[in-house]
Amino acid sequence: MLVTKQPVLRRFWYAVMPMDRLDAGPQPFTLLGENIVLWKQADGTPAALRDRCCHRTAKLSKGTVGADGHIVCGYHGWTYDCTGACVKIPQQPDMQIPAGARVPAFKAQARFGYAWVCLGEPLVPLLGTPEDDLGWRRIHQFDETWKTGALRLMENSFDSAHFAFVHKGTFGQAGQHKPKHFALDETDYGFEARMVLEINNPPESHQITGTTDPLTTRTFSNQWHLPFLRKLGLGYPSGIQHVIYTCATPIDDERIQIIQWLYRNDSEEDCPAALLNDWDTRVVLEDKVILESVNADAPVDVVRRDEQSMASDRPGMLMRKRLLALLKEHGETEAHRWTRISVIPAKAGIQEV
Ligand code: FES
Ligand code: CO
């Protein structure tokens, strides 16, 4: 699925950058192929416009934020408010501003410490903040660009079959190919996968898990939220709760911005944020190496697919089914550039969901 060619994907909220980056002035971002500029307004809320001045097309992200919280083009100073209307042309202060002097505006809001943008009319509201409400500490983990597809990162996040291979250097147990327990329940937002798995607990992770046992049995409650967000709740036997939010924000058809933050119900004294981030960085970099090697364009139409599957791919297959249904519901067909590489009949050996 080419994400930039599916208009319905513009109707979801995406985390695009940490709010504090906007303290340095207007910042560019590319979301679903759309070049946008974000800035922080006088009241501290983010605003987003197309990153193109309607005077002589300069990028507004090269501009500044004025004292009134409006964005000022860096070329000749035309000034825009959050609706995209030009509110000032400094060279002709006494003349009426032409009605056509405006640029497209997008919905923006701050949540979880990040700026979120929706390029269209939102289909679903932005997630609530239950862990903030409980007073758990929130730790920023990742904000970086990967050369892969958003669906690829999502299905990887629910794929227990890769632990023994990709994560053998951290928590994965060689030879363990199946969880002890696995359940998958569809929900209105996507699905929830629950898994019980025995995993390695090397000395570097003792403080993180709150136990020195070399192996720990962990309960995973993993939610997939359409289209590209997952929330993983990890319960350690010590009673520590470790909740990760991962956003695969689609930049274009080849790249994503991975934005991830973590909640813990313990304190900085119990386990420093730097230690948690060091460990999770090791784990996530193991995924990155593999995910940057796959085709970014993952097919969602499982009938026309060119990939073979196995039983443990069920979560990823369900994502494809739900995404395909979303496209159909909005009158879209899947845009793709993949070509069939297999001559095996599509039904052979495939576990359907
Ligand atoms: Fe923006 Fe001239 S190009 S003010
Ligand atoms: Co992984």
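Here the structure is shown first, and the text comes after it.
Computed from a prediction, not measured in an experiment: that's the story for all the values here.

Definitions and cut-offs
Residues numbered from 1 in each chain as written. Chains lettered and ligands numbered in written order. Predicted model: local features only at pLDDT ≥ 70, side-chain atom pairs only at ≥ 80, totals over all residues. Heavy atoms only, no water. Pairing = 2+ DSSP bridges. Helix = DSSP H or I, 4+ residues; strand = E, 2+ residues; numbered from the N terminus. Axes fitted to C-alpha atoms, helices over the stretch in contact; angles between N-to-C directions. Expected span 1.5 Å × (residues − 1). Buried < 20%, exposed > 50% of the residue type's maximum accessible area, 1.4 Å probe, protein only. Contact = heavy atoms within 4.5 Å. Polar contact = N/O pair within 3.5 Å; in protein donor to acceptor, adjacent residues only side chain to side chain. Salt bridge = Lys/Arg side-chain N within 4 Å of Asp/Glu carboxyl O. Phe/Tyr/Trp six-rings, centres within 6.5 Å; stacked < 30°, edge-to-face > 60°. Donors = N, O, S within 2.8 Å, 3.2 Å for Na, K, Ca; no water. Tetrahedral: all angles 85-135°; square planar, octahedral: opposite > 155°, others 65-115°.

A. Local environment of the sheet that holds strand 1 (residues 14–18). One open sheet accounts for six strands, arranged 1-10-9-4-3-2; its pairing is antiparallel. On the outer flanks of this sheet lie strand 1 and strand 2 (27–31), each paired with one strand and no other. Neighbouring strand axes in the sheet, compared pairwise and without regard to direction, differ in orientation by 35° on average. The sheet contact formed by strand 2 and strand 3 (residues 34–40) spans five bridges and is antiparallel. Looking across to strand 3, one finds that Leu 31 is bridged to Glu 34.

B. Just helix 6 (residues 314–329), in detail. Compared with an ideal rise of 1.5 Å per residue, which puts 16 residues at 22 Å, helix 6 spans 22 Å between its outermost C-alpha atoms and is within 8% of the ideal. What helix 6 keeps buried is the set Pro 315, Gly 316, Met 317, Leu 318, Met 319, Arg 320, Arg 322, Leu 323, Leu 324, Leu 326 and Leu 327. Close packing links the buried residues of helix 6 with helix 2 (150–156), strand 12 (181–186), strand 13 (190–200) and strand 14 (215–225). Gly 331 lies just past helix 6 and shows a positive phi near 70°.

C. Summary view of the environment of Tyr 114. Residue placement: Tyr 114 occurs in strand 10 (residues 114–118). With near-sequence residues (within four places) excluded, Tyr 114 lies in contact with Ala 15, Met 17, Pro 18, Met 19, Gln 109, His 140, Gln 141, Ile 259, Gln 260 and Trp 261.

D. Representation of the side chain of His 162 in the model. With respect to the element layout, His 162 can be found in the loop between helix 2 and helix 3 (163–166). With a relative accessible area of 9%, His 162 lands in the buried category. A polar side-chain atom of His 162 sits 3.1 Å from a polar atom in the side chain of Asp 287.

E. Representation of the sheet that holds strand 15 (residues 229–235). Taken in spatial order, the seven strands line up as 11-17-16-15-14-13-12 in an open sheet, and their pairing is antiparallel. Two strands bound the open sheet, and with one partner strand each, they are strand 11 (137–146) and strand 12. Going from strand to strand, the sheet's axes swing by 15° on average, the running direction of each strand aside. Inspection of the sheet shows strand 14 paired to strand 15 by seven bridges, in the antiparallel sense. If you follow Asn 222 over to strand 15, its bridge partner there is Leu 232. Helix 5 (residues 273–291) rests against strand 11, strand 16 (241–250) and strand 17 (256–264) of the sheet, and its axis sits at about 30° to strand 11.

F. Broad picture of the pattern of salt bridges. Inspection of the entire model under this criterion finds 21 salt bridges. Two residues, Lys 107 and Glu 121, come together in a salt bridge whose shortest N-O distance is 3.4 Å. With Lys 107 in strand 9 (residues 105–111) and Glu 121 in the loop between strand 10 and helix 1 (130–133), this residue pair connects regions lying 14 residues apart in the sequence. A relative accessible area of 48% means that Glu 121 is categorised as partly exposed. The shortest N-O distance in the salt bridge between Asp 266 and Arg 137 comes to 2.7 Å. Here the residue Asp 266 occupies a position in the loop between strand 17 and helix 5, and Arg 137 occupies one in strand 11, the gap between them amounting to 129 residues. Looking at Asp 266, the relative accessible area reads 13%, which means it is buried. Classification of Arg 137 by relative accessible area gives buried; the value is 16%.

G. Molecular detail of the pairing of strand 10. Most of strand 10 sits inside the fold, with five of its five residues counted as buried. Burial along strand 10 is two-sided: Tyr 114, Trp 116 and Cys 118 facing one way and Ala 115 and Val 117 facing the other are all buried. In this sheet, strand 10 lies alongside strand 1 in antiparallel orientation, the contact comprising four bridges. Note on strand 10: the bridge partner recorded for Tyr 14 is Val 117. As paired elements, strand 9 and strand 10 share five bridges and run antiparallel to each other.

H. Just the packing of aromatic side chains, in detail. Within this structure, the stated rule accounts for 10 aromatic pairs. Between Phe 158 and Phe 191, the aromatic rings sit 5.1 Å apart at their centres with planes inclined by 75°, giving edge-to-face as the arrangement. With Phe 158 in the loop between helix 2 and helix 3 and Phe 191 in strand 13, the pair connects residues that are 33 residues apart, well separated along the chain. Exposure remark for Phe 158: the relative accessible area of 5% places this residue in the buried category. Taken together, the aromatic side chains of Phe 112, Tyr 114, Trp 116, Tyr 245, Trp 261 and Tyr 263 make up a single cluster linked through ring pairs.

I. View of the coordination of the cobalt ion (ligand 2). Around the cobalt ion (ligand 2), the protein supplies His 162 (NE2), His 167 (NE2), Asp 287 (OD) and Asp 287 (OD) as donor atoms, at distances of 2.0 to 2.5 Å. Between the four donor atoms coordinating the cobalt ion (ligand 2), the angles at the centre fall across 56 to 152°, so the site counts as irregular.

Bear in mind that shape data such as this cannot, by itself, settle questions of function.
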